[in-house]
Structures are given as structure tokens and as C-alpha cells.
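# Summary of structural features
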Amino acid sequence: MSLQEFWFVLIGVLFTGYFVLEGFDFGVGMLMPILGKGSDTRRRVVLNTIGPVWDGNEVWLITAAGAMFAAFPEWYASLFSGFYFVLLLILIALILRICAIEYRAKIDDPVWRARCDIGIGIGSWLPAFAWGWVFANIVRGVPLNEKKQIVGTVADLFSPYALLGALTTGLLFLLHGAIFVNLKTGGEVRADSMRIARLLLAPTALVVGGFGVWTQLAYGAGWTWIALGVAAFGLGVAAVAIFAERDGWAFTGTTFAIAAATVLLFGSLFPNVLPSTIGDAFHLTIDNASSTPYTLKVMSWAAVIVTPVVLGYQGWTYWVFRKRLTVDHIPAHIGLPPRPGKD
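Residues numbered from 1 in each chain as written. Predicted model: local features only at pLDDT ≥ 70, side-chain atom pairs only at ≥ 80, totals over all residues. Heavy atoms only, no water.

Under an unreviewed UniProt entry, the name given to the protein chain is Cytochrome bd-I ubiquinol oxidase subunit 2 apoprotein, and the source organism is Nocardia bhagyanarayanae. Quoted verbatim from the Subcellular location (unreviewed entry) field of the UniProt record, the comment on the protein chain reads "Cell membrane". Among the UniProt annotations of the protein chain, the heading Sequence similarities (unreviewed entry) holds the following wording: "Belongs to the cytochrome ubiquinol oxidase subunit 2 family." (UniProt positions renumbered as here; feature names shortened; annotations may be inferred.)

Turning our attention to the packing of helix α1 (residues 3-36) against helix α10 (residues 247-269). Where α1 contacts α10, the two axes come as close as 9 Å, and the packing angle between them is 145°. Considering the relative orientation of α1 and α10, their crossing is right-handed. Listed contacts from α10 to Phe-8, Ile-11, Gly-12, Phe-15, Thr-16, Phe-19, Val-20 and Phe-24 of α1 are Phe-251, Thr-255, Ile-258, Ala-259, Thr-262, Phe-266 and Leu-269. A per-class count over the contact of α1 with α10 returns eleven nonpolar, four polar and no charged. (Axes fitted to C-alpha atoms, helices over the stretch in contact; angles between N-to-C directions. Helix = DSSP H or I, 4+ residues; strand = E, 2+ residues; numbered from the N terminus. Left-handed = near helix turned anticlockwise from the far one by under 90°. Contact = heavy atoms within 4.5 Å. Nonpolar A, V, L, I, M, F, W, Y, C, P; charged D, E, K, R; others polar.)

All right, on to the packing of aromatic side chains then. The tally for this structure, following the rule as stated, stands at 31 aromatic pairs. Ring geometry for Phe-24 against Tyr-318: centres 6.4 Å apart, planes inclined by 85°, an arrangement best described as edge-to-face. Remark: Tyr-318 occurs in helix α11 (residues 293-320) and Phe-24 occurs in helix α1; sequence separation between them is 294 residues. Phe-24 gets classed as buried once you look at its relative accessible area, which sits at 1%. When the centroid spacing of 5.3 Å and the interplanar angle of 65° are considered together, the rings of Tyr-161 and Trp-214 count as edge-to-face. Highlighted residues: Tyr-161 in helix α7 (residues 160-184) and Trp-214 in helix α8 (residues 187-219), separated in sequence by 53 residues. Exposure remark for Trp-214: the relative accessible area of 36% places this residue in the partly exposed category. Taken together, Phe-8, Phe-15, Tyr-18, Phe-19, Phe-26, Phe-72, Trp-75, Trp-131, Phe-135, Phe-173, Phe-266 and Phe-270 form an aromatic cluster joined through their ring pairs. (Phe/Tyr/Trp six-rings, centres within 6.5 Å; stacked < 30°, edge-to-face > 60°. Buried < 20%, exposed > 50% of the residue type's maximum accessible area, 1.4 Å probe, protein only.)

Structurally, Thr-277 can be placed in the loop between β1 (272-274) and β2 (284-285). The class for Thr-277 is partly exposed, based on a relative accessible area of 48%. Sequence-wise, Thr-277 and Ser-159 are 118 residues apart; in three dimensions their C-alpha atoms are separated by 13 Å. Sequence-distant contacts of Thr-277, that is, excluding residues within four places in its chain, are made with Arg-140, Gly-141, Val-142 and Pro-143.

A word on the environment of Trp-249. Its place among the elements puts Trp-249 in helix α10. Each C-alpha atom, one on Trp-249 and one on Lys-148, is 45 Å from the other, the two residues being 101 residues apart in sequence. Sequence-distant contacts of Trp-249, that is, excluding residues within four places in its chain, are made with Val-237 and Ala-241.

What follows covers the pattern of salt bridges. As enumerated under the stated definition, the model contains 16 salt bridges in all. Across the pair Arg-42 and Asp-192 runs a salt bridge whose closest N-O atoms are separated by 2.6 Å. Pair noted here: Arg-42 is in helix α2 (residues 40-48) and Asp-192 is in helix α8, with a separation of 150 residues, a long-range link. Of the two residues, Arg-42 and Asp-192, neither departs from the other in class, the shared state being buried. (Salt bridge = Lys/Arg side-chain N within 4 Å of Asp/Glu carboxyl O.)

This part takes up the nonpolar core. Residues Trp-7, Phe-15, Phe-72, Trp-75 and Trp-131 are the most contacted members of the largest nonpolar core, which totals 95 residues. Looking at this core element by element, the count peaks at 17 residues for α1. When near neighbours in sequence (up to four residues on either side) are disregarded, Phe-15 contacts Leu-61, Ala-64, Met-68, Phe-135, Thr-262 and Phe-266. (Core = buried A, V, L, I, M, F, W, Y, C linked by side-chain atoms within 4.5 Å.)

Put into C-alpha cells, the structure is as follows:
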């Protein structure tokens, strides 16, 4: 395996980790108003399921973007300039969600908390659908010219395939989040999230299956049929486990489905990193978009040393906060009053 291939695979692994871990964060944020049902205590239960881990999950995206910048600077430059507006919206949404989560409990005021909940919702719904749209366009190809610039209009990027990709990630993350709430809560919150997960199964399987088959037939390689099969198998396991109320197996099933779907996308892309719809000569590949061999070699040693430490720490965090939550675990508000008196 060449260094270019190694870093393409590693970036794929980083995005896989991001979609699996941040995927249930998005799903939980999307479900907060539904599972909250007008009760702030219930909303706090739902939010606290991701409280100890959501910020660590976002590190996967930062690392993936940094690896892309260092290993394939031409890919990074063309992608982030051509998709600037959408990626900026994703960034703003993520920042909004960060601020809303961090500051929600700082002020003991229902209006303040309601506004923060809106921020959490926007920061969850928008990226969940936008990432599918972005990656579907990457696989499908963009109007990339000889200057490695994406030309054309925004309308060129709103194809049926890209819209189906957006719907795929949105529904898949929503189901993944519902199952994560099943896994992390008890009582009435878990009962409601279980009903939602069961309702989401059929439409999610239909949309994911349609997008996966389209991707495979139009852009896939021979071996990516395996990834498509694993994704289908993962959803099947999740479906059986949900009705059997085996939360751990259900979460494992959606985890495999998301991971396999990401492998399908990256496998369909290889050896390109950004195909051009204008002409094959303008494709960005792992060879013409990569950094120098020396840069890749230094980065590879750093990745080999640091990655196990980061994975070990994050795994330990999930182990420490593995217990279920119920409304009985939620203490009274300790935030500041909205308008402190003058003492």
C-alpha cells in the first residue's frame, strides 16, 4: 500500500468514526423536542445521554479535515472552496449547537432554555442532511475545470442523487439517535424512543437501500457490493433487535450500517478524491492531489503513535458513562436567574 492509499483509507476511517459517533449526537438533538413532550426534565434526560461525549465526537471531523488538508491539499482546497457556502452553514450550525448545549443550563429561565433547544435542533437537523448531500456530490462528481476550481451554478449540485443522499444520512442518523436513546435511558423516555425507532425502520431501510443500490450501480466497484451487503445486514440486525428490545445489538446494527455506507462512498470514489464531470483529465486523484512523500511519511509516524492513545481515551470515556439515565437522575436547576437582583 502506498502512502497516498494509506492516507485515503485513514481519512475514510476518520469520516466513518465521525458519522458513527456524531451521527447519534445529531439524532438525539433532532429527537429532543419529540421526546421532551413539553417537559424540561425529559429534555434534559435526552440531552444528557450525549452530554459526556458529544464534544469528543466532533474531534473526528476536525482530525479528518486536518488530515485532508495535510495529505491531499489540492482536494481540500477544491472541496472547501467549491462547497464553501454549504460547509460554512454546517460550521455555523455546529457552533450554534455547541453554544446551545454549553449555555442551556447556565440561566434558569424557560425562555432561555427554549431558545437553546432551537439552537440544538438547527445544529442537529442541518448537518445531518447536509453531509449526505455533500458526499453524494463528491461521489457523483462536480464541474471541476483545469484550474481545479468547481464552476457552474449551485443548481448543478441539487441532483436527485444528491437529494437522496441527504435524505439517507438524515434518516439514518435519526434512527441511530433513537436507538442510542433506547440504549442510554430507562422508563418513559426509553419507551417513547423505542416507538420512534420502530416507526423509522421501514422508511430508513427503503431510502438507504435505494441510495446504496444507486451508488453501487452507477459508481461502485466490484468489491463495494460487500459494503452494500454489510449495510443491509446491519439494518436487518437493528430491525430484529429493536423489536426484541435488545438495545445493544440494535445500536451495533446501525453502527455497522453507517460504517458500511461510508465505506461504500469512499470505495466508489477511489482512486479519485474529487471526480470532474467536465472531463476525465480534470479528475483529482490520490496521486495528483497529494502532498510530498516526506510530508506523508512524517504524518504517518505521528498517526501511528497518537491514534491508539486517542482511541483508548475515548473508549474509556464511553465506559465510564455507560449507565442508563431516567428522570429520577435529573437534579433541580442551578442556573442563574434571568435578571439577577441588585444586592
